[in-house]
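Chain by chain, the residues run as shown.
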Amino acid sequence: NALPSSTDLKMEAQNLNVYHVEVLQSPCSTVRRIQIKEKVLDLLYAKKSAFGDLMIQEFEDPFLAQNVQYVALYDIDLPGIEKKVIDLCTASLFVHIFQLNTDGAGTEELDEENLSAASHWLLPSFDFHGLWDTLVYDDVIKSRLLNYASTTLMFSDKAVDSNIISWNKVVLLHGPPGTGKTSLCKALAQKLSIRFSDRYTHGQLVEINSHSLFSKWFSESGKLVMKMFQKIQELMDDPHALVCVLIDEVESLTAARKSSMNGVEPSDAIRVVNALLTQLDQIKKYPNVLILTTSNITGAIDLAFVDRADIKQYIGPPSVRAIYTIYLSCIKELMKCGIISPTQPLMDIRGLEATRFIENGATYHSLYLYKIASKSLGLSGRSLRKLPFLAHALYLQGSPVALESYFEAMSQTVDRQF
Ligand code: ADP
């Protein structure tokens with residue numbers, strides 16, 4: 001059930017000439033999307049060609065300057081494939097225009113003690129803006145996941161008969177803790193709400209906090225689960241809404257069920273889990289729903305509804321290549337904020353690979369960072385993102401700090417982590 005290999009995608013990337021363009025409309029802009037789309041296409045055709053990671057934030061055209069914050073072109077980053085130049089005139093460009101919701105998360109209360117049973121966001125949300133890009137994986141996990149989820153939604157939307165062709169509305173990401181599974185689910189929901197903005201006017205993300213559901217065993221819980229699903233039902237009844245339901249650490253449902261069967265927990269536990277599973281089975285029949293789940297258990301999860309998940313993806317700790325990219329983004333942020341100064345040029349991983357790692361004046365700093373990345377292998381994404389902070393807290397003082405001193409401190413911090 002794993003997603004296809006990178007070789008498949010390499011072939012696809014070489015053969016397909018399809019690119020997505022995401023356009024962030026200014027918060028106060030009220031012009032119609034079609035007007036923006038035309039202007040953006042004019043802009044891209046006039047450019048004729050660009051690298052796949054094109055990002056335009058400044059516009060000569062006054063209409064675009066007033067209504068658009070950025071235009072971003074998305075390409076697939078694959079090991080061994082150098083950045084290629086895209087011929088914008090012959091490529092098929094899908095333009096997605098979106099605006100961000102700034103409301104933040106709302107919570108659904110479970111009981112009088114204000115234990116929250118679920119958090120709820122209107123998508124695309126400001127809270128998850130840019131999250132997708134900060135998550136770095138070696139292979140093609142992100143684009144594959146996005147393609148699978150898109151196909152799922154498209155098949156459901158077109159009402160393909162599931163007796164003839166079967167597919168499933170459940171995505172399961174599993175792997176060790178701290179590898180970005182929860183973040184990836186949220187980022188995926190956000191991405192889908194942007195990529196499907198032609199079809200759905202907005203997205204809804206409901207995150208069910210399974211822990212808080214089971215932290216209390218009282219006979220009421222079954223009813224409260226029902227109440228929560230009634231709210232989800234209301235969201236789904238709007239055919240213009242794309243509803244993503246996220247259940248973190250689904251294994252806690254299995255655990256609750258097992259302990260209940262062994263007579264450890266009162267039978268209320270099993271009632272709550274069963275109510276939840278029945279409801280999930282019900283809602284996944286709706287065309288505008290996608291269920292996203294994560295698990296820290298890498299073995300089999302004994303839960304009927306994830307068992308049948310089409311998209312079961314193992315998410316492991318990052319490779320050296322991904323670690324380098326994560327560190328590079330951290331260093332760039334520190335330079336931007338003036339904590340590392342003076343600013344030094346560093347190569348991205350594709351650029352560094354192109355030099356074949358030969359040391360010279362231009363590659364010196366990048367190679368130093370690569371060395372730190374190499375010895376960080378095995379650390380989780382969460383630890384990696386914390387490391388530059390720890391390095392400063394443990395070994396440095398004040399700012400600005402020279403790049404090399406910062407590298408030195410990071411290197412020592414990595415040793416300490418192990
Ligand atoms: P999990 O659900 O697997 O325990 P989280 O989604 O809670 O992981 O990840 C915590 C944080 O760790 C993320 O918000 C992100 O900042 C960082 N992180 C984890 N994996 C990666 C990765 N592959 N690339 C970049 N950041 C990562």
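Residues numbered from 1 in each chain as written. Predicted model: local features only at pLDDT ≥ 70, side-chain atom pairs only at ≥ 80, totals over all residues.

The protein chain is annotated in an unreviewed UniProt entry as Pachytene checkpoint protein 2 homolog from Biomphalaria glabrata. Taken verbatim from the UniProt record of the protein chain, the Sequence similarities (unreviewed entry) comment is "Belongs to the AAA ATPase family. PCH2 subfamily." (UniProt positions renumbered as here; feature names shortened; annotations may be inferred.)

Draft legend 1. Focus on the overall build of the protein chain. Of the regular secondary structure elements, the protein chain holds 16 helices and 13 strands. A buried classification covers 35% of the 418 residues belonging to the protein chain. Within the protein chain, contacts between residues at least 6 apart in sequence are counted, and of these 78% link residues at least 24 apart. (Helix = DSSP H or I, 4+ residues; strand = E, 2+ residues; numbered from the N terminus. Buried ≥ 20, exposed ≤ 12 C-beta atoms within 10 Å, placed from the backbone. Contact = placed C-beta atoms within 7 Å.)

Draft legend 2. Broad picture of the confidence of the model for the protein chain. Confidence along the protein chain averages 84 in pLDDT terms, with 83% of residues attaining 70 or more. Ranking the elements of the protein chain by mean pLDDT puts helix α1 (residues 6–15) last with 52 and helix α14 (residues 364–375) first with 96. Predicted complex metrics record ipTM = 0.98 and pTM = 0.88. (pLDDT = per-residue confidence, 0-100.)

Draft legend 3. Up close: the packing of helix α12 (residues 320–336) against helix α15 (residues 381–395). Running from N to C, α12 and α15 point in directions that differ by 30°, and their axes come no closer than 9 Å. Classified by the interaxial angle, the pair formed by α12 and α15 is roughly parallel. When the axes of α12 and α15 are compared, the crossing they make is right-handed. Contacts between α12 and α15 involve I323, I326, C330 and L334 from the first element and G381, L384, R385 and P388 from the second. Classifying every residue of the contact of α12 with α15 gives 6 nonpolar, 1 polar and 1 charged. (Axes fitted to C-alpha atoms, helices over the stretch in contact; angles between N-to-C directions. Parallel < 35°, antiparallel > 145°, perpendicular 65-115°, else oblique. Left-handed = near helix turned anticlockwise from the far one by under 90°. Nonpolar A, V, L, I, M, F, W, Y, C, P; charged D, E, K, R; others polar.)

Draft legend 4. Representation of the packing of α12 against α14 within the structure. Running from amino to carboxyl end, α12 crosses α14 at an angle of 125°, the nearest separation of the two axes being 9 Å. With respect to α14, the element α12 is oriented oblique. Seen from above, α12 lies across α14 with right-handed handedness. Within the contact between the two elements, α12 uses V320, I323, Y324, Y327, L328 and I331 and α14 uses L369, Y370, I372, A373 and S374. In terms of residue class, the contact of α12 with α14 is built from 10 nonpolar, 1 polar and no charged.

Draft legend 5. Focus on the environment of L123. Counting through the fold element by element, L123 comes out in strand β8 (residues 116–123). Those residues in contact with L123, other than ones at most four positions away along the chain, are A189, Q190, S193, H202, G203, Q204 and L205.

Draft legend 6. Spatial organisation of the site of the ligand. The local shell around the ligand holds 18 residues, among which G180, K181, T182, S183 and G381 are the closest. Mapped by element, the contributors of at least two residues to the shell around the ligand are α6 (181–195), α12 and α15. Across the shell around the ligand, the residue classes tally to 7 nonpolar, 8 polar and 3 charged. (Near = placed C-beta within 6 Å.)

Draft legend 7. Spotlight on the nonpolar core. Core analysis: the largest hydrophobic core is formed by 79 residues, its most contacted members being L188, C244, V245, L246, L292, Y327 and L369. In terms of residue count, α12 provides more of this core than any other element does, 9 residues in total. Not counting the four nearest positions on each side in its chain, L188 is found in contact with L145, L146, A149 and L292. Listed in part, the 15 residues of the second largest apolar core include V23, L73, I86 and L88. (Core = buried A, V, L, I, M, F, W, Y, C linked by C-beta atoms within 7 Å.)

Draft legend 8. Structural context of helix α16 (residues 403–417). When the terminal C-alpha atoms of α16 are compared, their 21 Å separation across 15 residues agrees well with the 21 Å that a helix rising 1.5 Å per residue should span. Turning to α16, its buried residues number three or more, namely L403, Y406, F407, A409, M410, T413 and V414. Buried positions in α16, seen along its axis, are confined to an arc of 165° and lie on one side of it. Residues of α16 that are exposed and point more than 90 degrees away from the buried face comprise D415 and R416. For α16, the secondary structure elements touched by its buried residues are α14 and α15. (Expected span 1.5 Å × (residues − 1). Arc of directions from axis to C-beta.)

Draft legend 9. Highlighting the pairing of strand β12 (residues 289–295). For β12, the buried fraction is high: 7 of the 7 residues fall into the buried class. Burial along β12 is two-sided: the residues V289, I291, T293 and S295 and L290, L292 and T294 are all buried. In terms of strand pairing, strand β9 (residues 170–174) meets β12 through 5 bridges, oriented parallel. Bridge assignment links V171 to a residue of β12, and that residue is L292. Pairing of strand β11 (residues 241–247) with β12, which is carried by 5 bridges, proceeds in the parallel orientation. Bridge assignment links V243 to a residue of β12, and that residue is V289. (Pairing = 2+ DSSP bridges.)

Draft legend 10. A look at the sheet that holds strand β4 (residues 68–74). Here 4 strands make up an open sheet; going across it, the order is β3-β4-β1-β6 and the pairing mixed. The open sheet has two free edges, formed respectively by β3 (55–56) and β6 (92–98), since each of these has just one partner strand. Relative to β6, strand β1 (residues 18–25) runs parallel, the two sharing 7 bridges. Along β6, the bridge assignment pairs H20 with F94.

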